[in-house]
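Each chain is listed here by its residues.
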Amino acid sequence: MSTGLFLTLEGIDGAGKSSHIDALEALFKAAGRQVTRTREPGGTLLAEALRTLVLNEAMDPLTESLLVFAARRDHIVRVIEPALARGEVVLCDRFTDATFAYQGAGRGFDETVLSSLERWVQAREDAPLLQPALTLWFDLPPGIAAERLAGARLPDKFESQPVEFFRRVAAGYAARAAAAPRFARIDANRSRGQVWAQIEAALAERGLPGSDVR
Ligand code: TYD
């Protein structure tokens, strides 16, 4: 039976997660695994259209939460579940932890509502909720992330939030990480090489990438 591996990357804007996705993909491919690389909000035509709205339009936090979960549902049904069923590695840049961190902790939206939406959207027949097997959490002090982001490019709706917003988002990630062993904390306040070494160590602890394609 093929067993896919669902791996997500999380962290506040500017934490540097995106700069390691290429290397992660290469690592799993070198071990003989097929890799589906994707992102949230996004990953399908519909979800990418919703992403454009979420990242650019002002809206109340319930509307925003419904849109990210609608995008997620489409993404799960069309991309994530089929890839996992084929036994692939799904490398996803952000997933539901980002909703708890940004809409929940950042915007102060009701986390019990988010938990309900999570149960609706990630439900599977005769199986526990769909959750990542491993979440690489890039932890960086918000002040340093803001310095890294400054002048990098035209900021979107979230990137242009004040540092206080990102302090709440970072606290949201920390709370989520404390509650779930699937999180591996990566100290992102290190050189690129040292960050990668931590990623490799977190994978190795879990027997990944592994060489046997099951
Ligand atoms: P990001 O993943 O950082 O992509 P890029 O590097 O191209 O900017 O941007 C996605 C933004 O969307 C980020 O600011 C976090 C936000 N977001 C939410 O607010 N809620 C969510 O559920 C997700 C997945 C992302």
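What this report covers is the structure whose coordinates are included nearby. Every chain begins its residue count from 1, and numbering advances along the sequence as written. Reporting of local features is limited, given that this is a predicted model, to residues whose pLDDT is at least 70; pairs of side-chain atoms are given and counted only at 80 or more, and all residues count toward the totals for whole chains, interfaces and linings. Heavy atoms from the whole structure form the basis of all side-chain values; hydrogens and water molecules are not counted.

## Re the overall build of the chain
Then comes step 1: Under the scheme used here, helices are H or I runs from DSSP no shorter than 4 residues and strands are E runs no shorter than 2 residues, and both carry numbers assigned from the N terminus. When helices and strands are tallied, the chain shows eight helices and five strands.
Then comes step 2: Starting at the N terminus and walking to the C terminus, you meet the elements of the chain as β-α-β-α-α-β-α-α-β-α-α-β-α.
Then comes step 3: Here the globule rule reads 2.2 Å times residues to the power 0.38, and the radius of gyration is calculated from C-alpha atoms. Computed over C-alpha atoms, the radius of gyration of the chain comes to 17 Å, within 12% of the 17 Å expected from 2.2 N^0.38 for 214 residues, which places it in the range of a compact globule.
Then comes step 4: Taking the principal axes of its C-alpha atoms as reference, the chain extends roughly 45 × 40 × 30 Å.

## Thoughts on the site of the ligand
Then comes step 1: Lining the immediate environment of the ligand, one finds 16 residues, of which D13, R94, T99, Q103 and R153 sit closest.
Then comes step 2: For the purposes of these results, a polar contact is taken to be a pair of N or O atoms within 3.5 Å, where, inside protein, one atom must be able to donate a hydrogen and its partner to accept one; residues adjacent in sequence count only when each atom of the pair is a side-chain atom. Contact between the ligand and R51: an oxygen atom at 3.1 Å from a side-chain N or O atom of the residue.
Then comes step 3: Considering the ligand on its own, with 550 Å² of exposed area, one finds that the protein chains cover 91% of that surface.
Then comes step 4: Elements with a contribution of two residues or more to the shell around the ligand: helix 2 (45-56), helix 3 (61-85) and helix 4 (96-106).
Then comes step 5: Top element by residues in the shell around the ligand is helix 4. It accounts for four residues.
Then comes step 6: Classes in brief: Ala, Val, Leu, Ile, Met, Phe, Trp, Tyr, Cys and Pro nonpolar; Asp, Glu, Lys and Arg charged; the others, Gly included, polar. The residue inventory of the shell around the ligand, partitioned by class, reads six nonpolar, two polar and eight charged. Residues are labelled near a given molecule or strand when at least one of their non-hydrogen atoms is within 4 Å of it. The method behind every accessible area is Shrake-Rupley, applied with a 1.4 Å probe, and residues are considered shielded solely by the protein chains displayed.

## A look at helix 4
Then comes step 1: Within helix 4, 11 of the 11 residues are buried, which leaves it mostly tucked inside the rest of the structure.
Then comes step 2: When a residue's accessible area, from a 1.4 Å probe over protein chains only, is under 20% of the maximum for its type it is buried; when over 50% it is exposed; and in between it is partly exposed. Of all the residues in helix 4, the buried ones are T96, D97, A98, T99, F100, A101, Y102, Q103, G104, A105 and G106.
Then comes step 3: Contacts made by the buried residues of helix 4 are with strand 1 (5-11), helix 3, helix 5 (111-121), strand 4 (134-139), helix 7 (163-179) and strand 5 (183-187).
Then comes step 4: Positive phi shows up at G108, right after helix 4, with a value of about 75°. Throughout, a contact is declared for two residues whenever any of their heavy atoms are within 4.5 Å.

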